[in-house]
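# Structural characterization, general
As a plain string of letters, each chain reads:
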Amino acid sequence: MSPNPRSQSELTSFGYGFLGVLIFSLTLPATRIAIAGFDPVFVGLGRAIVAAGLSLILLVITRQTIPPLRFLPNFAIVTAGVVVGFPLLSAIAMKDAAASHGAVITGLLPLSTALCGAWRAGERPLRGFWLFASLGSALVLIFALVTGGGSLRMADLALLGAVGSAALGYAEGAVLSRTFGSWQVICWALILSVPVLLPIVWQHLPANFSLISVNAVLAFLYVSVFSMFLGFFAWYRGLALGGIARIGQLQLIQPFMTIAASAIVLGERLSIETIGFAIAVIGCVLLGKRTANNG
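These figures come from a predicted structure and were not determined experimentally. (Residues numbered from 1 in each chain as written. Predicted model: local features only at pLDDT ≥ 70, side-chain atom pairs only at ≥ 80, totals over all residues. Heavy atoms only, no water.)

This part covers the overall build of the protein chain. A tally of helices and strands in the protein chain yields 13 helices and zero strands. When the helices and strands of the protein chain are listed from N to C terminus, the series reads α-α-α-α-α-α-α-α-α-α-α-α-α. Taken against the 2.2 N^0.38 rule, which gives 19 Å for 295 residues, the C-alpha radius of gyration of the protein chain at 18 Å falls within 12% of a compact globule. For the protein chain, the spread of C-alpha atoms along the principal axes amounts to about 60 × 50 × 35 Å. With 295 residues in all, the protein chain has 52% of them scored as buried. Carbon and sulfur atoms make up 68% of the accessible area of the protein chain, which totals about 13100 Å². The distance from the centre of the 16 positive side-chain charges to the centre of the 8 negative ones in the protein chain is 11 Å. (Helix = DSSP H or I, 4+ residues; strand = E, 2+ residues; numbered from the N terminus. Rg over C-alpha atoms; globule rule 2.2 N^0.38 Å. Buried < 20%, exposed > 50% of the residue type's maximum accessible area, 1.4 Å probe, protein only. Areas by Shrake-Rupley, 256 points an atom, 1.4 Å probe, with all protein chains shown as cover. Lys, Arg positive; Asp, Glu negative; His and termini not counted. Charge placed at Lys NZ, Arg CZ, Asp CG, Glu CD.)

Right, dumping it as structure tokens:
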């Protein structure tokens, strides 16, 4: 019996999506390590300069054609959302918040991404999807409030801004990926950012690189090469193949992957509450996947 093409396509889209989530799940712990040696603005925006250099090399080698000028506003949205907004705001937040705490706030990304997808891509999920997406996001927010002592700090507000920025950039990037391909979108968005970001990054260069730890340098390289570059290859591909709302649900798992990484890499506390919320939210992901419909 030959494999079902639809099943293969769904498996492929979720495979790409999961790989993207896996890469992104290490971003906050790596950012927290990086800002121990670098200025948060340098970490938040400098990663784009490094990734833009890699993008230029790849685009030249593969002889990609420059996108038509009419798509400039669309690429600008991607740039503002995932190249500038999320990296900068999350790096600023990591000065005062634990990576595990930041992880639960970014758990709001699936619902935000679905909302942006409905707006920018014309997707119309069924009511059941919205129910489970809302429930999962509510669980994440409750978890954030409980672990944050019942209130939201400035770091939380920065992270909420990061969530909104990323969601819009994800949705817009997924739409563009249908025309230009997944990796081309993030490459062109990164290159578009260079004229604006390079002077800012230059002003925040470390005064003495010799004083920066090896761990901080490696963490900065991770967020530059993986979080800001290779992760989007997989993520945008998954969103374009499987739909923004459906694949975006995988982001509900990301906070708890980040919390696990924070416990292992940073030694942050992993509580029973975290495990319980993780199980509940992953259940919402699975139920939301079954009820999602892009038609």
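This next bit is on the confidence of the model for the protein chain. With 90% of its residues at a pLDDT of 70 or more, the protein chain shows a mean pLDDT of 85. Least confident of the elements in the protein chain is helix α13 (residues 272–291), whose mean pLDDT is 73; most confident is helix α3 (residues 40–61), at 96. (pLDDT = per-residue confidence, 0-100.)

A word on the packing of α3 against helix α9 (residues 182–203). Between α3 and α9, the least distance of the axes is 7 Å, while the angle of their chain directions is 130 degrees. If you check the angle between α3 and α9, you find them oblique. Regarding α3 and α9, the two cross each other, and that crossing is left-handed. Mapping the contact onto sequence places V41, F42, L45, G46, A48, I49, A51, A52, S55, L56, L58 and L59 in α3 and W183, C187, W188, L190, I191, S193, V194, L197, L198, I200 and V201 in α9. (Axes fitted to C-alpha atoms, helices over the stretch in contact; angles between N-to-C directions. Parallel < 35°, antiparallel > 145°, perpendicular 65-115°, else oblique. Left-handed = near helix turned anticlockwise from the far one by under 90°. Contact = heavy atoms within 4.5 Å.)

Relative to the helices and strands, I244 resides in helix α11 (residues 244–248). Look at I244 and you get buried, because its relative accessible area is 0%. Distance in space between the C-alpha atoms of I244 and L56 is 27 Å, their sequence separation being 188 residues.

Next up on the list: the environment of I57. Along the chain, the position of I57 falls in helix α3. In this structure, the C-alpha to C-alpha distance between I57 and C187, residues 130 residues apart in sequence, is 9.8 Å.

Counted according to the given criterion, the structure contains one salt bridge. In this structure, E268 engages R32 in a salt bridge whose closest nitrogen and oxygen atoms are separated by 3.9 Å. In this pair, E268 is assigned in the loop between α12 (254–266) and α13 and R32 in helix α2 (residues 27–34), connecting sequence segments 236 residues apart. (Salt bridge = Lys/Arg side-chain N within 4 Å of Asp/Glu carboxyl O.)

In this section: the side chain of Q184. Position of Q184 among the secondary structure elements: in helix α9. Its relative accessible area of 11% is what places Q184 among the buried residues.

On to the nonpolar core, then. Among the nonpolar cores identified, the biggest contains 83 residues, and V83, Y170, I186, L190 and Y236 are the most heavily contacted of them. Sequence-distant contacts of I186, defined by excluding residues within four places in its chain, comprise V82, V83, M228, F229, F232, F233 and Y236. (Core = buried A, V, L, I, M, F, W, Y, C linked by side-chain atoms within 4.5 Å.)

On to the environment of F233. Tracing the backbone shows F233 in helix α10 (residues 214–242). Judged by relative accessible area, which is 18%, F233 ranks as buried. Here the alpha-carbon distance between F233 and I186, two residues 47 residues apart in the chain, equals 7.6 Å. Excluding residues that lie within four positions of it along the chain, F233 makes contacts with L58, S182, W183, I186 and C187.

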